[in-house]
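Chains, contacts and geometry: an overview
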Amino acid sequence: MCRTDQSVPEPGEGNDVDSTDAVFTSLLEDSAEELYEHAPCGYLSTLMDGTIAKINTTLLDWLGLDRSRVVGRMRFTDLLTVGGKLYHETHFAPLLQMKGEVSGIAMDIKAAAGQRMPVLVTSRVKTSKDGEPLLIRTTVFDARERRAYEAELLRGRRAAEEAHRQAEADRARLQEALAVLQQSLLPAELPVIPGLEAGSYYHTASPDLLGGDFYDLFPLVGGRWAFVLGDVCGKGPQAASVTSLARYTLRAAALHDADPVTVLTTLNNVLHERYAGGEGRYCTVIFGVLEPHDGHVGVHLASGGHPSALIQRADGSADYLPTPGGLLVGVLPQAPFTTAHARLLPGDTLLLYTDGLTEARTGPGREMFGEDALRSFTAARPPSGPQALITALSGLLTSFGDGLDDDTALLALGMPASLPTPRVNT
C-alpha cells in the first residue's frame, strides 16, 4: 500500500531553516575586529612614508613577530626580502603613487624562522574628501601553494624542453649516422674516364630513413667500363643491407664475366637464395658496359624491371632505349632480362634514373610527372653534357617540393662534344 505523507518538509524547510538560522546567528556574533585579525589573508595599514600603523594577527603569525615590534617601528619594506625591497622602490611605489592602487603583485616577505614566503600584494591609497592621501591599505595573500604549483609547472616545462632538446640531438646524430651509411652505399666520387664524362645525383626523401637507390661506375678489363643503377624495394636498414649486397655482387660478377645478362642473373641467384626463406627482397636494376671506340662509345645494357634509360642526342632530340619485359631481380629462381644496344656519339648523353623522378606528384591535381614529361624536359635542355643535364634534373627535383616523396638516383654518361677545329689565317 502506497502511503503519502504531506508533512515531510521540502529542502530548505523545517530543520534546514533552523540550522541556517544558527549559522547566521554565529556570523552576526563574529565581530569586525575578529574578522580583521584572523582573516585568511594579511592586512596592514601604513602611513604615506610606509610606517606600519596597523597589522592583523594573521600577517604577524606569518612573520613570526610581535605587534609591539612592528607597529610604529617598522616600515612595509622592512617586511620584504632584498629583492622585494628593490622591486618595491623601482616599480611598486611609483605605480602606487601614480595610480593610487596596485593589485596582485608577486613579492617575497621575510617569514618566521628566516624563511622566504611568496605572497601577492594589493595596496590602495586612502584619500581625504579633498583628495589628499592619508594612508595606504595593503592586503597580503599567501602564494606558497601557487608558487609551488608554478615551480612544478616550470620544472615540467624545463623537463619537456630538455627531453625535446635531447630528442632533437639524438635525431641529429641519427641523421648524421644515416647520412654516412647512405654515402657508404654510393661511390665517394665518380671515376675519371678518358674520353667520357659522367655525372650523378642522389636525393634523399627522408633524412630519418636509409634509402635503397644506388648507382656505381667502375673499370673492367680491356678499357671497358661498367655502370649500374638500381632501386631496392623498401627503406631502412634491411633495404640498405640489400643495397650493399647488390652493389658488391654486381662488381664481383662483372669482374668475372661482364655480360649484362650474366651479371643480372648472378645477382638474381644471390638475392633469391639469400632471402627465399623469409621476407622476399628484390630490386630493379640496369647494368651495362661502355666500350669506347674512335668517334663513339658502344653501350650494351640489360634491365631487370627498371625504367628504360633515356638518351639525349647532340642534335637536341631525346628518346628512350626500350628494355621491355625484364623481371624484378630476386623474385624468382630464374628470371628473364631484357638487353639493348646503343652508340653514343660526341655530344650524346645516356641518362639512368630511379622511379622517384617519374613518379613525383606535380601540379594542383597532384598528377604523376611521368616518362613523357621527362623526355620533354630533357629534349628542352641544350645538349651540354652529363653534368649539365644532372644539374638541370636536380633543380627539377627540388621544384617538386613535397611531391617528391621517394629517394631518387641519377647517373648520366656521355661523350664530350667535338671541339670545333680552329681556323688558321694564312
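Cut-offs and rules
- Residues numbered from 1 in each chain as written.
- Predicted model: local features only at pLDDT ≥ 70, side-chain atom pairs only at ≥ 80, totals over all residues.
- Heavy atoms only, no water.
- Helix = DSSP H or I, 4+ residues; strand = E, 2+ residues; numbered from the N terminus.
- Contact = heavy atoms within 4.5 Å.
- Areas by Shrake-Rupley, 256 points an atom, 1.4 Å probe, with all protein chains shown as cover.
- Pairing = 2+ DSSP bridges.
- Axes fitted to C-alpha atoms, helices over the stretch in contact; angles between N-to-C directions.
- Phe/Tyr/Trp six-rings, centres within 6.5 Å; stacked < 30°, edge-to-face > 60°.
- Buried < 20%, exposed > 50% of the residue type's maximum accessible area, 1.4 Å probe, protein only.
- Lys NZ or Arg CZ within 6 Å of the ring centre and 35° of its normal.
- Parallel < 35°, antiparallel > 145°, perpendicular 65-115°, else oblique.
- Left-handed = near helix turned anticlockwise from the far one by under 90°.
- Nonpolar A, V, L, I, M, F, W, Y, C, P; charged D, E, K, R; others polar.
- pLDDT = per-residue confidence, 0-100.

1. What about the overall build of the chain?
Of the regular secondary structure elements, the chain holds 11 helices and 17 strands. In the chain, 61% of the contacts between residues at least 6 apart in sequence involve partners at least 24 apart. Roughly 23,800 Å² of accessible area belongs to the chain as shown, and the carbon and sulfur atoms make up 55% of that amount.

2. Comments concerning the sheet that holds strand β12 (residues 318-321)
The five strands are arranged β6-β17-β14-β11-β12 in an open sheet whose pairing can be described as antiparallel. The open sheet is flanked by β6 (197-203) and β12, the only strands paired with a single partner. On average, each strand axis in the sheet is tilted by 20 degrees relative to the strand beside it, whichever way the strands run. Summarising the sheet, strand β11 (residues 309-312) and strand β14 (residues 349-353) pair through three bridges and their orientation is antiparallel.

3. Quick word on the packing of aromatic side chains
Here the structure, examined in full by the defined rule, presents two aromatic pairs. Here Tyr36 and Tyr43 contribute two aromatic rings whose centre-to-centre distance is 5.4 Å and whose plane-to-plane angle is 15 degrees, an arrangement assigned as stacked. Looking at Tyr43, the relative accessible area reads 27%, which means it is partly exposed. One cation-aromatic arrangement involves Lys54 over Tyr36; the distance from NZ or CZ to the ring centre is 4.6 Å. A cation over a ring is seen here: Arg274 above Tyr275, with NZ or CZ 4.8 Å from the ring centre.

4. Here we look at the pairing of β11
Residues Ala309 and Ile311 of β11 are buried on one face, and the alternating residues Leu310 and Gln312, pointing to the opposite face, are buried as well. Linkage of β11 to β12, two consecutive antiparallel strands, is achieved through a turn of five residues, within which Gly316 is found at a positive phi near 95 degrees.

5. Section: the sheet that holds strand β3 (residues 101-110)
Across the sheet, which stays open at both edges, the five strands sit in the order β2-β1-β5-β4-β3 with antiparallel pairing between neighbours. Where the open sheet ends on each side, the last strands, each with one partner, are β2 (52-55) and β3. Averaged over all pairs of adjacent strands, the angle between strand axes in this sheet comes to 25 degrees, irrespective of strand direction. Note that β3 and strand β4 (residues 116-127) share eight bridges and pair antiparallel. Opposite Ile105, over in β4, you have Val121 as the bridge partner.

6. Things to note about the packing of helix α10 (residues 370-380) against helix α11 (residues 386-399)
For the pair α10 and α11, interaxial distance at closest approach is 11 Å and the crossing angle is 130 degrees. Classified by the angle between their axes, α10 and α11 sit oblique to one another. Here α10 and α11 pass one another in a crossing that is right-handed. On α11, the residues that touch Leu374, Phe377 and Thr378 of α10 are Leu389, Ala392, Leu393 and Leu396. Across the contact of α10 with α11, the residue classes break down as six nonpolar, one polar and no charged.

7. Brief notes about the confidence of the model for the chain
Scored by pLDDT, the chain has a mean of 87; 87% of the residues are at 70 or more. Ignoring residues within four places in sequence, the model shows residues 419-426, a span with pLDDT below 50, making zero contacts including any to other chains.

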